[in-house]
Amino acid sequence: MYFESFVEGPLLWITFLLLLVGIASRLTFFSLSIIRSSQDKDFKLGYQFATFGRLFLPFHRAAVRKPLYAILRYIFHICLIVVPIWLSGHVSLWLESRFEWEWTALPDSLADWMTLILLGIAVYFIVRRLASSYVRMNTSKNDYLLIIMAVLPFLSGYFLAHGTVDEVPFIGNYIGTIHIITGEAMFVFVAFLFCRTRLNESRCTGCASCEVSCPTGTLESNDQGKLRIFNYSHYQCICCGACVNTCPEDAAELRHEFGFKRFFQIFSKQRIRDVEMEPCLSCGALYVPEPLLDKIGKTFTHDYLRTCPNCRKKNHMEFYRKLSPWTKGTQESPKACPPSYLPMRNTQID
Ligand code: SF4
Ligand code: SF4
């Protein structure tokens, strides 16, 4: 009895306050990032409104890549937010509370349908992760946990409203408490939930196009020694999807990440990917990410690619210098094309 009143009283308020703090802090950092990124824009206010508005609309740039998935995600999130706020049972609880707040509730049948739609989409998300080998390989336990945490309050609420499990021993007696606990767990989850861009190792070539397209400087890459290191600042990300849209390899993904520590690591940067750099065959300077060179090397197989831009320039200059009538006769005649274009290795000649 004491446990139930604790769950329905103080614990509910604590988790609700945590949720509010989490949402307020996230919105504050979103706004700051958008304002900061608008500094070099001509029409700052328009850019700020458009970017902030896009957060709540399905015009996410990444949505273009997977429209069906994007629409389902959008519907899922609408149900996730609308049902708990406008459910008649919840509205009447607010009216009975000390605040005595009241607003128009959804018709019960519509709330039921929205709950069933949310549950159906959640099942699709789980099946999709299990059925597609690529998605499965890139799914962590946290991704499944996230879906389950979102679904449990809706499932238990549906059972509570319809008396579905009333005859089931134990669960039938405590379904109301189970519904509140799962709702509180979801509040905590949302408070510590962050956006996170992931650069898929099996696909990412380290080209850094995503960094160039990121409007807020959330994604950063630095070449340090033999590595190109990608960093990500979770509080700066505005979930615009520009990185996903730009990536030529379909390697950038926007994911959710849950973490207590992340909440307090306001200025920290996460190291999300290291890529090895390849040296120039001519001067030894590190000039290109190894996976990118490998990828290009599958189509263009000779050593022109394996020299850095400076050495290519020098080779061309040398070639044209030898062609010049002023040096003709004083040097060995140049070959038919610049030295950097000549097949040196990896070249098949039939
Ligand atoms: S644009 Fe794509 S391939 Fe290039 S670094 Fe970013 S994630 Fe990797
Ligand atoms: S990391 Fe990607 S989603 Fe986040 S702000 Fe940059 S481009 Fe947008």
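Caption draft 1: Structural detail: the overall build of the protein chain. Each helix and strand in the protein chain was counted, giving 14 helices and 6 strands. By the compact-globule yardstick of 20 Å for 350 residues, the protein chain is too spread out, its C-alpha radius of gyration being 28 Å. When the backbone C-alpha atoms are referred to their principal axes, the protein chain occupies close to 100 × 45 × 35 Å. Burial status across the protein chain gives 21% buried among its 350 residues. In the protein chain, once contacts between residues fewer than 6 apart in sequence are set aside, the share between residues at least 24 apart is 65%.

Caption draft 2: The domain arrangement of the protein chain, seen in detail. Examined at the domain level, the protein chain breaks down into domain 1 (2–275) and domain 2 (277–323). Contact with domain 1, which involves 9 residues of that partner, is made by 7 residues of domain 2. Among the residues forming the side of domain 1 that touches domain 2, the class breakdown is 4 nonpolar, 2 polar and 3 charged.

Caption draft 3: How the structure looks around the site of ligand 1. Lining the immediate environment of ligand 1, one finds 13 residues, of which Cys-204, Cys-207, Ser-209, Cys-210 and Cys-247 sit closest. Its residues assigned to classes, the shell around ligand 1 comprises 8 nonpolar, 4 polar and 1 charged.

Caption draft 4: Structural view of the sheet that holds strand S2 (residues 219–224). A sheet is described by the order of its strands in space; here 4 strands give the open sequence S2-S3-S5-S6, paired in antiparallel fashion. Edge positions in the sheet fall to S2 and strand S6 (286–289), since each has one partner strand and no second. When the angles between neighbouring strand axes are averaged without regard to direction, this sheet yields 35°. Of the pairings in the sheet, the one linking S2 to strand S3 (residues 227–232) comprises 6 bridges and is antiparallel in character.

What counts as what
Residue numbers restart at each chain and count upward from 1, following the sequence in its written direction. Think of it this way: whatever chain is written first is A, whatever ligand is written first is 1, and the rest follow in order. Only residues with pLDDT of 70 or above have their local features reported here, since the model is predicted, and side-chain atom pairs are shown and tallied only from 80 upward, although totals for entire chains, interfaces and linings are computed over all residues. Working definition: helices are DSSP H or I runs of at least four residues, strands are E runs of at least two. Numbering for both runs from the N terminus. The atom set for the radius of gyration is the C-alpha atoms, and the globule formula is 2.2 Å times the number of residues raised to the power 0.38. Note on burial: count the other C-beta atoms lying within 10 Å of the residue's C-beta; 20 or more is buried, 12 or fewer is exposed, in between is partly exposed, and C-beta positions come from the backbone. By the convention adopted here, residues make contact when the C-beta atoms placed from their backbones lie within 7 Å. For the domain bounds, the source is a domain assignment made automatically or taken from a database. Note on residue classes: Ala, Val, Leu, Ile, Met, Phe, Trp, Tyr, Cys and Pro are nonpolar, Asp, Glu, Lys and Arg are charged, and everything else, Gly too, is polar. To decide nearness, the C-beta atom of each residue is placed from the backbone, and the residue is near a molecule or strand if that atom lies within 6 Å of it. Strand pairing is defined by DSSP finding a minimum of two bridges between the two strands. Working convention: axes come from line fits to C-alpha atoms, limited for helices to the stretch in contact. Angles between N-to-C directions cover 0 to 180 degrees.

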